[in-house]
Structure formats: structure tokens, C-alpha cells
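# Residue-level structure breakdown
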Amino acid sequence: MDNLLVLLFAALPFIAVAVLALLAVAGVGVGLVWPRVPAYGYLALLFCTNSTSYGALATTSSPGIYSRGSGQLLFPVLLWCMAGAWCCTRGAAGFRRQPVPPCSLRPWFLGWGALLGGHVAVAAFTGVTLAQALAPSGFSNVVWMAPLVGLLLLSFGTREHALELARFILLAGCGRALFGLARWAFLGGDPNNVYANMNDINVKLTFFDINDSLLGTVACAIAAINLLRAGAARPAPFWRALDWVTLGTTAACIVLSYRRTAWIGFVLALAVVALRCSPRRRIALLLLGAPVVGAGLVAAAVRRLGHTHGAGGGLSSLFYDMASTRTGAQSERVLELHYALADFLAHPLTGIGAWGRYAGYRQIAWQAGEDGGLFLHSGVLHIALKAGLPGLVLLGGTIWAFTRAARQAGRTLPPDLLALATAGAAGLAFMLPDLLVGTPFPQVRTTQMLAVCLALPYVALAAARARSTDEQTTHEQATHEQPARKQTVHGRPMRPVAAARLCDHAAGEQP
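Residues numbered from 1 in each chain as written. Predicted model: local features only at pLDDT ≥ 70, side-chain atom pairs only at ≥ 80, totals over all residues. Heavy atoms only, no water.

### Quick notes on the overall build of the chain
Check the secondary structure of the chain and you find 19 helices and two strands. A total of 511 residues make up the chain; the buried ones form 44% of that total. Considering only contacts in the chain between residues 6 or more positions apart, those separated by 24 or more positions represent 75%. (Helix = DSSP H or I, 4+ residues; strand = E, 2+ residues; numbered from the N terminus. Buried < 20%, exposed > 50% of the residue type's maximum accessible area, 1.4 Å probe, protein only. Contact = heavy atoms within 4.5 Å.)

### Concerning empty space enclosed by the protein
A full pass over the atoms with the stated rule returns four cavities of 30 Å³ or more. In this model, the largest cavity occupies a volume close to 160 Å³. For the lining of the largest cavity, the elements supplying multiple residues, two or more each, are helix H5 (106-125), helix H16 (379-412), helix H17 (415-437) and helix H18 (444-481). Among the residues making up the lining of the largest cavity, the classes are represented as eleven nonpolar, one polar and no charged. By volume, the second largest cavity is sized at about 60 Å³. Lining the second largest cavity, in full, are Gly173, Arg176, Ala177, Phe207, Asp212, Ser213, Leu215, Gly216, Thr250, Cys253 and Ile254. Mapped onto the lining of the second largest cavity, the elements with two or more residues apiece are helix H9 (159-186), helix H11 (210-228) and helix H12 (237-255). The residue makeup of the lining of the second largest cavity, split by class, is five nonpolar, four polar and two charged. (1 Å grid on protein atoms, 1.4 Å probe; cavity = no way out; pocket = protein on both sides within 12 Å on 5 of 7 lines; lining within 4 Å. Points joined across faces, edges and corners; volume = space filled by probe spheres on them. Nonpolar A, V, L, I, M, F, W, Y, C, P; charged D, E, K, R; others polar.)

### Notes on the layout of surface pockets
A volume near 740 Å³ is recorded for the second largest pocket. At the level of elements, H11, H12, helix H13 (260-275) and helix H14 (279-306) are the ones that each hand at least two residues to the lining of the second largest pocket. By residue number, the principal contributor to the lining of the second largest pocket is H14, which donates 13 residues. Looking at side-chain class alone, the lining of the second largest pocket contains 22 nonpolar, four polar and three charged residues.

### Comments concerning the packing of helix H2 (residues 36-48) against H9
For the pair H2 and H9, the least separation of the axes is 11 Å and the interaxial angle reads 25°. Considering the angle they form, H2 stands roughly parallel to H9. Judged by the sense of rotation from one axis to the other, the crossing of H2 with H9 is right-handed. From H2, Arg36, Tyr40, Leu43, Ala44, Phe47 and Cys48 reach across to H9, where they touch His161, Glu164, Leu165, Phe168, Ile169, Ala172 and Arg176. In terms of residue class, the contact of H2 with H9 is built from nine nonpolar, one polar and three charged. (Axes fitted to C-alpha atoms, helices over the stretch in contact; angles between N-to-C directions. Parallel < 35°, antiparallel > 145°, perpendicular 65-115°, else oblique. Left-handed = near helix turned anticlockwise from the far one by under 90°.)

### A word on unusual backbone geometry
For Leu74, which is not glycine, the phi torsion reads 70° and is therefore positive. Residue placement: Leu74 occurs in the loop between helix H3 (70-73) and helix H4 (77-95). Owing to a relative accessible area of 30%, Leu74 belongs among the partly exposed residues under this scheme. Backbone geometry at Tyr258 places phi at a positive 60°, although glycine is not the residue there. Assessed through its relative accessible area of 3%, Tyr258 is described here as buried.

### Digging into H2
Compared with an ideal rise of 1.5 Å per residue, which puts 13 residues at 18 Å, H2 spans 18 Å between its outermost C-alpha atoms and is within 8% of the ideal. Along H2, the residues classified as buried are Pro38, Ala39, Tyr40, Tyr42, Leu43, Leu46 and Phe47. (Expected span 1.5 Å × (residues − 1).)

### Some remarks on the confidence of the model for the chain
For any part of a model where pLDDT is low, the fine detail of the predicted coordinates should not be relied upon. For the chain, per-residue confidence averages 81 on the pLDDT scale, and 79% of positions sit at 70 or higher. Below pLDDT 50 for its whole length, residues 311-317 participates in five contacts with residues either more than four positions away or in separate chains. Counting interchain partners and residues more than four positions distant, the pLDDT-below-50 stretch residues 325-329 has four contacts. (pLDDT = per-residue confidence, 0-100.)

### Here we look at the nonpolar core
In summary, soluble globular proteins display a tendency toward joint burial of nonpolar side chains. Counting 116 residues, the largest nonpolar core has Trp112, Phe139, Leu165, Ile169 and Leu420 as the members making the most contacts within it. For this core, the element with the most residues is H18, which contributes 15 residues. With residues up to four places along the chain from it excluded, the contact list for Ile169 reads Phe47, Leu215, Val218, Ala219, Ile222, Leu420 and Leu456. Judged by nonpolar contacts, the second largest core, of twelve residues, contains Phe344, Ile352, Ile364 and Leu381. (Core = buried A, V, L, I, M, F, W, Y, C linked by side-chain atoms within 4.5 Å.)

### Things to note about the packing of H11 against H12
It is at 8 Å that the axes of H11 and H12 come closest, and there the two elements cross at 145°. The hand of the H11/H12 crossing is left-handed. Counting all contacts with H11, which are made through Ser213, Gly216, Thr217, Ala219, Cys220, Ala223, Ala224, Asn226 and Leu227, the residues of H12 involved are Arg240, Asp243, Trp244, Thr246, Leu247, Thr250 and Ile254. Partitioned by chemical class, the residues of the contact of H11 with H12 number eight nonpolar, six polar and two charged.

### Re the pattern of salt bridges
All told, the structure shown has six salt bridges when counted by the stated rule. The shortest N-O distance in the salt bridge between Asp416 and Arg159 comes to 2.6 Å. A residue pair is termed long-range when its members are at least 10 positions apart, and Asp416 in helix H17 and Arg159 in helix H9 qualify at 257 residues. For Asp416, a relative accessible area of 15% corresponds to the buried category. (Salt bridge = Lys/Arg side-chain N within 4 Å of Asp/Glu carboxyl O.)

### Thoughts on the environment of Gly91
Its location among the elements puts Gly91 in helix H4. Taking relative accessible area as the criterion, Gly91 reaches 23% and is therefore assigned partly exposed. Along the sequence, Gly91 and Pro35 sit 56 residues apart, while their C-alpha atoms lie 9.6 Å from each other.

### Re a nonpolar patch on the surface
A surface patch of nonpolar side chains, about 320 Å² in accessible area, is lined by Leu8, Leu12, Ile15 and Val19. Counting through the fold element by element, Leu12 comes out in helix H1 (residues 2-33). (Patch = residues over 30% accessible without salt bridge, like charges linked within 9 Å, V, L, I, M, F, W, Y side chains within 5 Å. Areas by Shrake-Rupley, 256 points an atom, 1.4 Å probe, with all protein chains shown as cover.)

### Considerations on the packing of aromatic side chains
The tally for this structure, following the rule as stated, stands at eleven aromatic pairs. Pairing Phe75 with Trp80 gives two aromatic rings, centres 6.1 Å apart and planes at 65°, and the pair type is edge-to-face. Residue Phe75 is classed as buried on the basis of its relative accessible area, which comes to 11%. Judged by relative accessible area, Trp80 falls into the partly exposed class, the value being 39%. Among the aromatic side chains, those forming a connected cluster through ring pairs are Tyr40, Phe47, Phe156 and Phe168. (Phe/Tyr/Trp six-rings, centres within 6.5 Å; stacked < 30°, edge-to-face > 60°.)

Here's what the structure looks like:
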């Protein structure tokens, strides 16, 4: 018996490898036959799994799903699985001879990949390890946005699949918001409460992770366009009720997150939604929705800042931590940006490298750990610091290409697909404050959520293009299949020779 147990324990690694191999083969088969299944599975994990434990009282934490496996595989297992799903979807599209939908982001992502390859080459000649050059603290997460955009474009390229994706996001956003509100009401809110646990601010949160508020904003935009759009068929009562519930729960969840970047971003997202409506509905939205949202934001701001030491009063109290005298004339937030900007100006063309640390980071309290100096609270300055002017050009070009596609979608899409495209634009508008004063690029979940927002207008455009192509093909087939009319005299078919003589005679009588 003991020998059998020893053999069993010795065989466990081989059994695990065999099981993983079988699961991989099964996953490849599912991805080739039903390409949307892996996409839905990945999106479900992305939407419902938290990405940070910052602010929690627990002193130890195990590696999360967004970092597990990166020690041995350079990148998390989750990203490798997503890349495998994209490969399966690409193979399935090739077997079906499905054309690749056009995407103006493609050349810019190729530029990001080439820039990362250049940094890896420089790292090899300067003694920097490959793991350091490809670490998420650089800009490798931006490159990983490309396969997710491609996965969504290939998986949801028809009108039916695009509408299905919009409803999936609607359900996920509403469910996540209901979970956050229930936990806030009965269980004390999010345990990752940096304000109560570290800053002595007596508030409880729905979600501290900005990505949960981003998901709520995207779902809220879909619900708002569904309710306000004109010229579309009236949806079923269930979906209309879901739109109203999503609209209320997601807005409340974002307000109760007590994050200033989420508040400002939500206002920008609502402005994008208003611009997609007709003038009459836009005025109605501003008259009815703006007072409600504004009152909620003011009440939440007063509650949070009223418990904040040194917040002062007035509008400037929203930026109390930018004017602290704890480190002199500048707060630590401003001092961090000052040091990073000085390093960027010293290396404007190349930056300090994807693995570099800015000088002076040890004077910042939150930069005392092993990751000190590898990140800073500004996404734009992070790219400028690590990648120099080439990185800024690529970042600006990516946003420019997306903006053009979003504007085209707003002008040309039918009402039923407009909600999906508007949700992507609203999501990017929501993230603008975080891009300016947050840390989006070192975080796997944030960059992947940004990739979802970037993909949505292109998915809607591809679905509209496929719909028009199918309608044109159907019309041509109906035209070719229509039987040719026969020339008759008194209801009887004429012989071809007689018909030709009659036509010649009629032509000769014309003046």
C-alpha cells in the first residue's frame, strides 16, 4: 500500500501535465468550432475578477490571476490563454475563408511591437535581463492589447453576434453593479478600502478598482443609447427593464466608489453619450439626468472630503493631495511627476528604457518597495518616461485612429449597432483622467479593459459592413434567380424568330 502511494505521488506531475494537455486540445477544438466561446470566457474573467489588493488590511496575499505564471513564462498564463484563443479564432476564420475586418489600429500596434523589440535588443547589450525588459512596469501590456482587439473583431463580426456581445456586456455590468451595491449595503463595502484603512477617511466603497467602474460606465452607455435612440424597433420588455436597472445601478455604483477619477470620467462618458443622441433627446437628457447625477456626485464628494484631514473647502478640496506641505512646497504626487518629467527631458528621444527607474523615487513614500521607481501616477508621462518621444507618437496615433473610427461609427451606424460603438468611446473618455493621473499601463486588467473599449467601435463597423454585404448578396441572388420574361402575343409565347422580326419592324417604324 505504501509503495502504491509513493508511486501515485510520484506520478502526480505527469498526470497533471496529461490533464492540461487534454484540456488544451479540447480548448483548441472548441475555439475552432465555436470561436465566441473562448472570447466570452475570457471576458467573463476580465469583467468579474478583481485586479488589486491595494488598500486591504491583509498583510499577505497570493498571486492573482493577472500575475500568476509570469515568473516562469514572462507573462501571466491568462494572457497566453487569450493569445491562444486569438490563434484559434484566426485559424477558424481562415478555414471559413472569412476576411479579416479592417482596423486602423493595426499599424499602430505593429509600431508598439517594434518599439518593444527595440528595447529588448538594447537590453540584451546592456546586461538587462529579458524579464526586466518585458516586465509590466514598462509598456509590454500595451502590446498585449492587440491580440484581444483581434479576438473580438474575429469573434463578433456579424450583426447578430455584435448585438449578443452588447447584451453580454449589459448583463455583466448590471450584475457586477448589483454585487457591489449589495456588498456596500450589507457587508461593509470593498475590503480594498484605501481611504478608510490607510487615509483615515470614514467612508465605505462599492469598488476601489477603477476597472469595475469602467465596466459599469460601458454598460451604462449601452443602456442609455438603447433607451434614447430613435428609429429602432422597440425591444422586449425584459431588455427594456434591464436597461433601466443597469442605468440606475451602474451610476450609483460609480458615485459610491468615491474615486475622483471615476467621477470626472463618468461625466465625460455621459457627455459622449449625449453627443450620440438627437438634439431633442440631448436636451431631455441634460435636463433630467444631469441634476440627478450632479446631486449624487456633490453628496458623495461632501461626504468623502468632509472626512478628509486638510481637504479645505470649495472646488480646490478635490485636489487637496496635490497641494500638501508634507514634503515642502510640493506634495508627493507633484514631486513624483516632477522627478519623472526631469528624467524624460534628460532622455527625450529614447526615454530611460522599459526597465528604468526615475531618479529621486526614494523620496516618495509609496515608492519604497521593490517596485520603487518603476511606475508613476500618470499614464501619459509613464509612456514618455519609458519610451521617449516614439512612445508618445504611438500613443497619440493610437488615440487618433480610434477617435476617427468612433466618429465614423457615430455617423454611419444603424441605431441597433450604435450602442456598442458609443460604449467604446464612452469607456475611453471615462479613462482619460486615469490616463493623466493614474497608473493604467502597468496593470494587466486595466490595459485589457482598454483594449475592449478600443475594439467595440470596430466590431460595430464590421458588423454593419457584413450586414450590408449580406443584403447585397441576397439581392443579387434574387435578381439572377428571377426567370426571364417571355415575349407574348395575346397571352401566347412567341417563337424567337418571330419575336426578333417584330422587334426589327418596331424599330424600323420609329422616326
